[in-house]
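Descriptive analysis of the structure
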Amino acid sequence: MEASVREVAVSKLPLVGAMFWATKIVATTLGESASNFVTMAPLNLGYAVGAIIFLVAFALTLVMQLKADRFRPMVFWSVILTTSIVGTSMSDYINRTAGLGYAGGSILLTSLLAIVLIGWRMTGQTMDVERIATTEGEVLYWTATLVSNTLGTSSGDFLSGGLGLGFRDSSLLLCGAMLVILAAHYLTPISGTVLFWAAYVLTRPLGAVAENAVEKPVAQGGLGVGTTITSSALLAVLAILVGRQMLTGRRQTHTVDTVLGSDSRYHRPVGRSTETSAGDYAGKPADTPRAPEGRRPG
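**Section: the overall build of the protein chain**
Along the protein chain, the regular secondary structure elements total eight helices and three strands. Within the protein chain, contacts between residues at least 6 apart in sequence are counted, and of these 73% link residues at least 24 apart. In the form shown here, the protein chain has an accessible surface area of approximately 13800 Å², with 67% of it arising from carbon and sulfur atoms.

Set out below in structure tokens:
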């Protein structure tokens, strides 16, 4: 296909840096706690009812995200949060109510995630999340996010319960794995996209076991803080992190060069991407462009 028009679109997904990872971990940890709050104590509505409620919430936030014209921190992180909440309740339903167990649920969800990522690759849409600038690419991103956050609960439960590592040792193991990925990011030629998705998936079980380590009773290996206090504290931290992103003058996103061919159905990001400020959304260049934190995914 021969390119005929070049445009610049605004990515609706944030830059991948320290702020992104901190907010992702807090949001997914809150997802575990919030799901437990509704499906178990204190509301005790059950996994099936919780999954239905949270699926509706996820659908509503996803529609708002897809309709957004640029990166809106509150909307974006609301989708991350709802995928984490619904993922927790769906995982608990699969593992406990449906009887697949932690190992069976983890195998099923790992296979499903592999299918989603392979399918994404085959579409030709970029898997570099900082360059996603099409609706199709964004739908694929959120599909992978929902599956990975569901897998995260199952894999976290498998480590702590199925393998008997407990919450503390599971947390340490996952922290070690994240450090290995960080080292590979700076010290090896491994694709940044591969490392991103490895870390993206691991943040979910890390959040799950860390939350359980705080929330669960002492008899179960936790600190006994309880769901209500844990959820409230995490919500406060998440509000601070998202509020900071909303107030900052320089948005945590990119403009992305795109190419349109003679057939307008094809729309793919190419070339460079640069950080934008609030003024860029009116078509103005950033006053002081700077490189994004860390290395951009491959």
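**Examining the side chain of Glu211**
Here Glu211 is to be found in helix H7 (residues 192-215). Glu211 has contacts with Thr29, Glu32, Ser33, Asn36, Thr230 and Leu234, leaving out every residue within four places of it along the chain.

**Side note on helix H1 (residues 18-39)**
With 22 residues, H1 extends 32 Å between its outermost C-alpha atoms, agreeing within 8% with the 32 Å of an ideal straight helix rising 1.5 Å per residue. In terms of burial, H1 is a largely internal element, 17 of the 22 residues being buried.

**Brief notes about the packing of aromatic side chains**
What the rule picks out here adds up to 15 aromatic pairs. With a centroid separation of 5.7 Å and an interplanar angle of 50 degrees, the aromatic rings of Phe20 and Trp77 are classed as tilted. You can see Phe20 sitting in helix H1 and its partner Trp77 sitting in helix H3 (residues 73-97), a full 57 residues away along the chain. The two residues Phe20 and Trp77 agree in class, both being buried. Where Tyr141 meets Tyr200, the ring centres are 5.9 Å apart and the plane angle is 55 degrees; that geometry is what we call tilted. Of this pair, Tyr141 sits in helix H5 (residues 135-162) while Tyr200 sits in helix H7, and the two are 59 residues apart along the sequence. Note on Tyr141: relative accessible area 1%, which makes it buried.

**So, the packing of H1 against H3**
At their nearest, the axes of H1 and H3 sit 8 Å apart, and the two run at 45 degrees to each other. Judged on the interaxial angle alone, H3 and H1 are oblique. Crossing geometry of H1 relative to H3 is assigned as right-handed. Contacts between H1 and H3 pair Phe20, Thr23, Lys24, Ala27, Thr28, Leu30, Gly31, Glu32, Ala34, Ser35, Asn36 and Thr39 from the former with Phe76, Trp77, Ile80, Leu81, Ser84, Ile85, Thr88, Ser89 and Asp92 from the latter. A breakdown of the residues in the contact of H1 with H3 according to their chemical character gives nine nonpolar, nine polar and three charged.

Cut-offs and rules
- Residues numbered from 1 in each chain as written.
- Predicted model: local features only at pLDDT ≥ 70, side-chain atom pairs only at ≥ 80, totals over all residues.
- Heavy atoms only, no water.
- Helix = DSSP H or I, 4+ residues; strand = E, 2+ residues; numbered from the N terminus.
- Contact = heavy atoms within 4.5 Å.
- Areas by Shrake-Rupley, 256 points an atom, 1.4 Å probe, with all protein chains shown as cover.
- Expected span 1.5 Å × (residues − 1).
- Buried < 20%, exposed > 50% of the residue type's maximum accessible area, 1.4 Å probe, protein only.
- Phe/Tyr/Trp six-rings, centres within 6.5 Å; stacked < 30°, edge-to-face > 60°.
- Axes fitted to C-alpha atoms, helices over the stretch in contact; angles between N-to-C directions.
- Parallel < 35°, antiparallel > 145°, perpendicular 65-115°, else oblique.
- Left-handed = near helix turned anticlockwise from the far one by under 90°.
- Nonpolar A, V, L, I, M, F, W, Y, C, P; charged D, E, K, R; others polar.

The analysis is restricted to geometry; functional conclusions fall outside its scope.
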